[in-house]
Each structure stands twice: as structure tokens, then as C-alpha cells.
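Secondary and tertiary structure notes
Residues per chain, in single letters:
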Amino acid sequence: MPASKPSLEPLIWSLVPQARHNDSLTKDLIEHCEDILNSHIGQSRETDIGHLTELVKRHLLQTHLDGVSSLQFTNLLSRLLEQPVLNRKYASLLFLHTLASSSQTPALKSSFLPSLAPPPPSRATLSPSSAEVTHSTRTSKGKSKAELLRDYRAKTGRPHVPEELLLRDTLYLLQGISGKYVRFSAEDEEKKLKLIFVEDSHCIIPAPTKGLIHRLSEVGHLYTLVDGFVRDREGKAGVGMIEQSLCHHLQSQLTEYYRLIAVLESQMAMSLKALDSDD
């Protein structure tokens, strides 16, 4: 190994000072070091890649009893041996085998140390003192946030239209009927419906509520169109079987729509009755 001679000479001179002035001693020590470097001292395994392959297969068969992993390893090994770029194939395979063997160390189970197991989380209970403080705080306020907001609007400007009145008008809109605060207005030329919000000098309708009502009013507009189409075909002569079947199906859907409106009206009536009883 002539290329290693310049790097070995300073090391030998530092370890053996007598070799600095003795060329024959330096030459003998360099040859001895090269013999050691070219040998396989320190390797506990043979460099036979076939023997290492058998060790890997045995390990895979012990950890994976189905044998699929062993077949996959054989295919990968054949592809690895065909690669001319990799020089240290045995060293790479030995490293992977050592790494896989070291990762099989069984971990300690939690049952070995039951005393160190964390206690089960306990639910945080509200102490009587904190509960009393919370109750006293609510009692001291006296009014909810909605009531405080309503009082603030009454002091600073016009209050909003009551929610129950807008709900009643919305149910009217779902049936294609104009309400008190929200109405349908048909334009003259194209006969398109337009939604108009009626606000008096005492109450206003906020913009977000207008957006929600406008989206719901589209359902009422579509209901008006479908109902008008069905009624027009009922009294018209020369209607074919396809149109009759379509009208029959639309009429059944309108019946279900009527039931939905009736359910919503009953729920609104029950809610208003519950509010009146609370007051």
C-alpha cells in the first residue's frame, strides 16, 4: 500500500522516535502496519456474503413466519449484487443485519413497574367556594348578555324587529305569501319577484338577518313557480302522459312540503308559548 506510506511515517515517528533517524526501522514498521491494514483482524464474521445471506434469511424466518419477507430479501439481494456501482456490498449488508438484530430488543412492559403507572385522571370538581362565587357573580349581573344588548340598542338607537315576528314572516315567505316586514314585489316588465324589507321608524332589521331571510325566500319563490306549473297543467287540455306523470310527482312533493310548513308552524307556536310561560 504505497499510498499510505506518507500518512504512516508521521504516525510511526511520533510513536517510535528512534525511527526518525533509522530508515530501515521505519521501512520495517511501515511494512508491518500495511500487513495489519490488509488483514481482517477485528472482524468476527467471515466476508463470505453467502454465509451472511443465510444469517439474514434465518433471522427473517424467525421474525416473519409466513416467509414472504425472506423471498423479498432474496429478490432485493439479487438486484444488489447486479449493481456494479456499489463496492462494499458485504459491509452494507452486514450493517443492515446488525441494525435489524439490535432493534429486536424487547421493550419493558408497563406491567413490570405498576407502582410508576400514572394515576387515572380525576374529574375536576367545582369547589363550593368557586360555585358560590360563580352564582353570586351571575346574580349580581341580573341580566343576560342578550338582555343587556337589547337595553343598549334601546338606549342608543332603534331596536331590532322582534325575532318571533320575523319568523312568522319567513313562514309566510316559504308559502309564497308576503308578510308584514318582508314582502314580495313583482316587477312590471319581466314579472320577476323582488324582496322588499319594510322598516318603520321604531324597529330595524339587521343586515345579517336580511341575508338569511333572502336566502329562505328563494325557496318560497321556487314553490310558487312549481305550484303555478302544476295548476296550469291541471286545467289545460291535450296534456300528454309524460307531463301528467311529472305533475303527479311534483304534487306529491308539494304535499310533503306542506307537511314541513305545518311542522315548522307548530314548533314556532310551541316556542312562543314556552317564552310566554317563562315571562
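Residues numbered from 1 in each chain as written. Predicted model: local features only at pLDDT ≥ 70, side-chain atom pairs only at ≥ 80, totals over all residues. Heavy atoms only, no water.

Bringing the overall build of the chain into the picture now. Check the secondary structure of the chain and you find ten helices and two strands. Counted from the first residue to the last, the chain has its helices and strands arranged as α-α-α-α-α-α-α-α-β-β-α-α. Counting every position in the chain, which comprises 279 residues, the buried fraction comes to 18%. Within the chain, residue pairs in contact and separated by at least 24 positions form 47% of the contacts whose partners lie at least 6 positions apart. Carbon and sulfur atoms make up 59% of the accessible area of the chain, which amounts to about 21,900 Å² in all. (Helix = DSSP H or I, 4+ residues; strand = E, 2+ residues; numbered from the N terminus. Buried < 20%, exposed > 50% of the residue type's maximum accessible area, 1.4 Å probe, protein only. Contact = heavy atoms within 4.5 Å. Areas by Shrake-Rupley, 256 points an atom, 1.4 Å probe, with all protein chains shown as cover.)

Running from amino to carboxyl end, helix α3 (residues 49-63) crosses helix α4 (residues 68-81) at an angle of 155°, the nearest separation of the two axes being 9 Å. It follows from the interaxial angle that α3 and α4 lie roughly antiparallel. Classified by chirality, the crossing of α4 by α3 is right-handed. Only S69, S70, F73, T74, L77 and L81 of α4 make contact with α3, whose side of the interface consists of I49, T53, V56, K57, L60 and L61. Class assignment of the residues belonging to the contact of α3 with α4 gives a composition of seven nonpolar, four polar and one charged. (Axes fitted to C-alpha atoms, helices over the stretch in contact; angles between N-to-C directions. Parallel < 35°, antiparallel > 145°, perpendicular 65-115°, else oblique. Left-handed = near helix turned anticlockwise from the far one by under 90°. Nonpolar A, V, L, I, M, F, W, Y, C, P; charged D, E, K, R; others polar.)

Quick look at the nonpolar core now. Counting ten residues, the largest nonpolar core consists of V161, L166, L173, Y181, V182, F184, L195, C203, I205 and I213. For this core, the secondary-structure elements that each account for two or more residues are α8 (163-174) and β1 (182-186). Other than its neighbours up to four places away in sequence, V182 contacts D169, L173, L195, I196, F197 and I213. Counting nine residues, the second largest nonpolar core, distinct from the first, contains L174, L254, Y257 and I261. (Core = buried A, V, L, I, M, F, W, Y, C linked by side-chain atoms within 4.5 Å.)

Turning to the packing of aromatic side chains, a few remarks are in order. Summed over all chains, the structure comprises two aromatic pairs. A centroid spacing of 5.3 Å and a plane angle of 25° characterise the contact between Y223 and Y257, whose relative ring orientation is stacked. Residue Y223 is located in helix α9 (residues 207-234), and its partner Y257 is located in helix α10 (residues 241-278); the two are separated by 34 residues in the primary sequence. Just as Y223 is buried, Y257 falls in that class too. Considering the side-chain rings of Y223 and Y258, the 6.0 Å spacing of their centres and the 80° angle between planes classify their relative orientation as edge-to-face. On the criterion of sequence distance, the pair formed by Y223 in helix α9 and Y258 in helix α10 is long-range, its members being 35 residues apart. On the accessibility criterion, Y258 (33% relative accessible area) is partly exposed. (Phe/Tyr/Trp six-rings, centres within 6.5 Å; stacked < 30°, edge-to-face > 60°.)

Summarising the model, the chain shows a mean pLDDT of 75, and 74% of its residues fall at 70 or more. This model gives residues 105-128 a pLDDT under 50, and the stretch forms one contact once residues within four places in sequence are excluded. (pLDDT = per-residue confidence, 0-100.)

For the rest of this paragraph, the subject is the pattern of salt bridges. Per the stated rule, a full pass over the model turns up five salt bridges. In this structure, D169 engages R168 in a salt bridge whose closest nitrogen and oxygen atoms are separated by 3.7 Å. The shortest N-O distance in the salt bridge between R233 and D232 comes to 2.7 Å. (Salt bridge = Lys/Arg side-chain N within 4 Å of Asp/Glu carboxyl O.)

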